[in-house]
Each structure stands twice: as C-alpha cells, then as structure tokens.
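Residues per chain are reported as follows:
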Amino acid sequence: MIGIDEAIISAKRVMFRCNKLAKITCMKIGITRLYLSPEHSLVNELVGNWMKKAGMIVRQDEVGNICGRYESKYINSPAIVLGSHLDTVRNAGRYDGILGVLTAIEIVYWLNKNQTRLKLAIEVIGFGDEEGTRFGITLLGSRGLTGTWKKEWLLYTDKDGITISEAMTNFGLDIRKIKDASRNIKDIVAYIEFHIEQGPCLDNENLPLGVVTTIHGARRFNCRFIGQSGHAGTVPMYYRKDALVAFAEWMTFVEHNTCKKHPQLVATVGFLNCKPGATNVIPGEVDFSLDIRGPKDSLLESLSTTLLKEANIIANNRKLSFEFKEYYRTSATVCDIKLQKILFNSIQELQGRCLLLPSGAGHDAIAIAECWPIGMLFIRNHLGISHNPKESINLDDLIISLQAYSYAVNKIINKI
Ligand SMILES: [Zn+2]
C-alpha cells in the first residue's frame, strides 16, 4: 500500500495533472475534449509520457486508447487493468474519467520507485472515448478492447459530417487494424475503475470513498402526445385536446410512481418540445424524451411498461393519441462480487466504514464486463454535480483514495 507521505505527494501530483489536462480543450472557456480530435492526440502524448515516467512501456492502441504496461515478476503474465476515460462531455468537469487514469499511474509509480514487481502485470488504460460526445456512440475505447466494434459505426458522422472512418485516418489510425485493439480473454484477469461519484450519496454519508455494486441499465424513448391545436381565446377548456395538459398529468404519475416500484429507479424527461409553440395557440403536439435507469433489467422492463401504459390511458381518456419509440437500451451491469468484497474491506480498514452504492451513470466498465470481472470505486464529489465545470473533489479524500486503491489492487493481485 502507498504510505501516507507518498499518498500526499501523489495526490498533489494528480491534482496538478488534472488542472494541466483541463487546459487541453477545444473551447475558449470550459473543458471539451472529443474522440479523435487534436486535443485527444495531445492528451495521449502527455499521459503517455507520465506513464513512461512511472516505469511503464507505453503504446497507443488501434482505436486511440493510450495504454501503459508494468511487467510482473514473471514473463508474459496476465494483467490487471486499471483505467478510465480521457474524453469529456461538452463543458465538462476536470475529474470525470481523468482521475481513474491518473490515480492508476500513481500506483505503478510507487511500485516502480520501490523496485517492486507483483505476480501480475498492471496495465493502465486511458480510453479515448467513453462519453460518445462527438459521434453519438458511447464506449468506443473500451469496445476496442473487447473486440465489439461494429463495422457500420465507421460511417457515423460528427456534427461537421466527418465520419469515424475519416477521423481515424486523420488521427493516424488504420481502420483495417481496429480488430488488433482487442485483447485475449486470458491476458486480462480483472478491470478496476476509480471514478468520481456523479451524484451526492457519498457527500451525504460524509464518506470519502464507496464501492459500486451495479452500474444501472437504461432505456430511452422518444414519445409524443398528439391532440388538437386551436385558438387560445375561442375554444372553451372542456372542448380542448391539449397535448401539454396530457403530458403534465402523465409527468406527475411518473414522479409519484417511479420510486414506488424500487427506490433506485429513476425516470427523467430532459427534452420537451411543445408544438406549435405560440402564446395564443393551444398545444396540439408534445414531443419529449423519456430516460429511465435502474439496477435490474426486470425493473426497467416493468417501469417502462407501467409508464407507457399510463400515457396511453391518459391519452385515451382525453381523446388524444400517444406514440413512442425506444431508441436505446443497455442492460444493468453487476460488479464482480469477489472484487466488491476486496474493495469494500480495503476501504473499510482505512475509513472505518464503507458505503456500497449503485452507479446511475454509464462507465467504461460496462463494456469491459462483457469479457472480464469488473470492480469500481467512487470518490466523493463535493457538490454531487458532474458533467459540469463545478465538479469537485478535495485533496484529503484523494490522499485516502490513493492509499485504499493501491491497497486493494495489491490484495486483488494476491488473491485472484
Ligand atoms: Zn466518466
């Protein structure tokens, strides 16, 4: 385990490096770093150099992930992979993803400094794309590792009409070699991701660290209530087929019934378009998004059925119509129980008690879990705000995190 003095040095270095990476952005104000962009290239170069300084052999893989390897005491041994992503959403915080890469580099730094080799190799990976900000497809970096890239993705375009294929070529990658980024199952034994919590739970519990049990699955729908637009002055209230009123009735149903099914289920309408959108016209149509997330696929299925059925009932009662289309779904991902226990015990030893919590946000670990056991730990986010420049952590939390993370990695390597 990293000692307290080393952890203080490392925590300060991680903070300094987070600030340094925050300056690599395509925006004048705020942090935005997109997959296969010039900023992606700069970050890979910088992080690659930090990996080298920590004693790793470094390469950029065939989908643009930056990968460092610290050999074990044996030749050709399998590896434990530690990592997260280096891309961001638009106007992001400076810790989301980045922390998982920089803290992992510190673990290797101290092993190398103390000339310690373990019985497994350690690989640190900075994934090039997790957020999907540029091309609308998430987890492109980690899906390179699992070999689950789809050919048709190459034709997806960014907002300027540049395809992934063109962007890869411009970045210096060869699209014919994408498959070479995939890794043999036997070469990796486990994946651990350290990440900032993107909600307020650890802050509310006054704990620096927690262990993730499940990464929530999600369903997304485009929905529409269709009524009848009309004159805002001449149509009496009881003759109206107001699509927005139907939506409002349904929205209160969503609020009251979602967590009744399960306390960890959440449902959000983040987009709403009221048509025709004029002050003096009754809304004839309301288009909106529905995003639901939860810890089990069966719960997601049950909640989506309940909510969509109720929308139909409300529409029928009001002589409107309702339609929807599902356009996205991911399954809930359970973190490996054995890894959860080791992470939990390591944290508990250092901070007295530990919180088990689900992740409502997606992570690289979702893709990795298709091939290897995954474990995740969260560090407290002081405002509980993420995907936002206000995202924050404090130095003391980072110090204890580095100790707990390195302690857990050592234990995992010895027990696995
Ligand atoms: Zn993230």
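Note that the structure is predicted; figures quoted are calculated from it, not measured. Along each chain, numbering runs from 1 in the same order as the chain's sequence is written. In view of the model being predicted, local features appear only for residues whose pLDDT reaches at least 70, and side-chain atom pairs are presented and counted only at 80 or more, with totals across whole chains, interfaces and linings using the full set of residues. To obtain the side-chain values, all non-hydrogen atoms of the structure were used and water was disregarded.

Looking down a regular strand, the side chains alternate between one sheet face and the other. Throughout, exposure labels follow a simple rule: accessible area from a 1.4 Å probe, protein chains only, divided by the maximum for the residue type, with under 20% read as buried, over 50% as exposed, and the rest as partly exposed. Here a strand is any run of E in DSSP of at least two residues, a helix any run of H or I of at least four, and the numbering for each starts at the N terminus. Most of strand β4 (residues 121-127) is tucked away: seven of the seven residues are buried. Burial along β4 is two-sided: the face carrying Ala121, Glu123, Ile125 and Phe127 and the face carrying Ile122, Val124 and Gly126 are both buried. Between any two strands, at least two bridges found by DSSP are needed for them to pair. Where strand β2 (residues 66-70) meets β4, five bridges bridge the pair, whose relative direction is antiparallel. Its bridge partner being in β4, Ile66 is matched across the sheet by Gly126.

Taken together, His85 (NE2), Asp96 (OD) and His195 (NE2) make up the full set of protein donors to the zinc ion, lying 2.0 to 2.2 Å away. Mapping the donors of the zinc ion onto the primary sequence gives the spacing H-x10-D-x98-H. With His85 in strand β3 (residues 79-85) and Asp96 in the loop between β3 and α3 (98-113), this residue pair connects regions lying eleven residues apart in the sequence. Judged by relative accessible area, His85 falls into the buried class, the value being 1%. For Asp96, a relative accessible area of 6% translates into the label buried. Shown as donors are all N, O and S atoms within 2.8 Å of a metal ion, widened to 3.2 Å for Na, K and Ca; because water is not in the atom set, sites may appear incomplete.

Let us look at the domain arrangement of the protein chain. By convention here, the domain bounds are inherited from an automatic or database domain assignment. Along its sequence, the protein chain is organised into domain 1 (4-215 + 333-415) and domain 2 (217-330). If you average the C-alpha positions of domain 1 and of domain 2, the two centres end up 37 Å apart. By convention, the term buried area covers the 1.4 Å-probe accessible surface removed from two parts as they join, with the contributions of both added. With both chains or domains summed, domain 1 and domain 2 bury close to 360 Å², and 48% of this area falls on carbon and sulfur atoms. Taken as a group, Thr214, Pro358 and Gly360 account for 58% of the area that domain 1 buries against domain 2, more than any other trio of residues on that side. Any residue outside Ala, Val, Leu, Ile, Met, Phe, Trp, Tyr, Cys, Pro, Asp, Glu, Lys and Arg is labelled polar, Gly included; the first ten of those are nonpolar and the last four are charged. The residue inventory of the side of domain 1 that touches domain 2, partitioned by class, reads three nonpolar, three polar and no charged.

This paragraph deals with the side chain of Asp364. With respect to the helices and strands, Asp364 occurs in helix α10 (residues 364-368). Within this scheme the basic residues Lys and Arg register as positive and the acidic residues Asp and Glu register as negative, but His and the chain ends are omitted. Salt bridges are defined by distance alone: a side-chain nitrogen of Lys or Arg within 4 Å of a carboxyl oxygen of Asp or Glu. The side chain of Asp364 sits in the buried core without any salt bridge; Arg143 is the nearest counter-charge, 9.1 Å away. Engagement of the side chain of Asp364 in a polar contact is seen with the backbone nitrogen of His85, the distance being 3.4 Å. What Asp364 contacts, discounting residues up to four positions off in sequence, is Ser84, His85, Phe127, Asp129, Glu130, Leu139, Ser142, Tyr191 and Glu193. Distance and chemistry together define a polar contact, namely a pair of N or O atoms within 3.5 Å, with one atom able to donate a hydrogen and the other to accept it when in protein, and with adjacent residues in sequence counting only for side-chain atoms on both sides. Residues are treated as being in contact if the distance between any of their heavy atoms lies within 4.5 Å.

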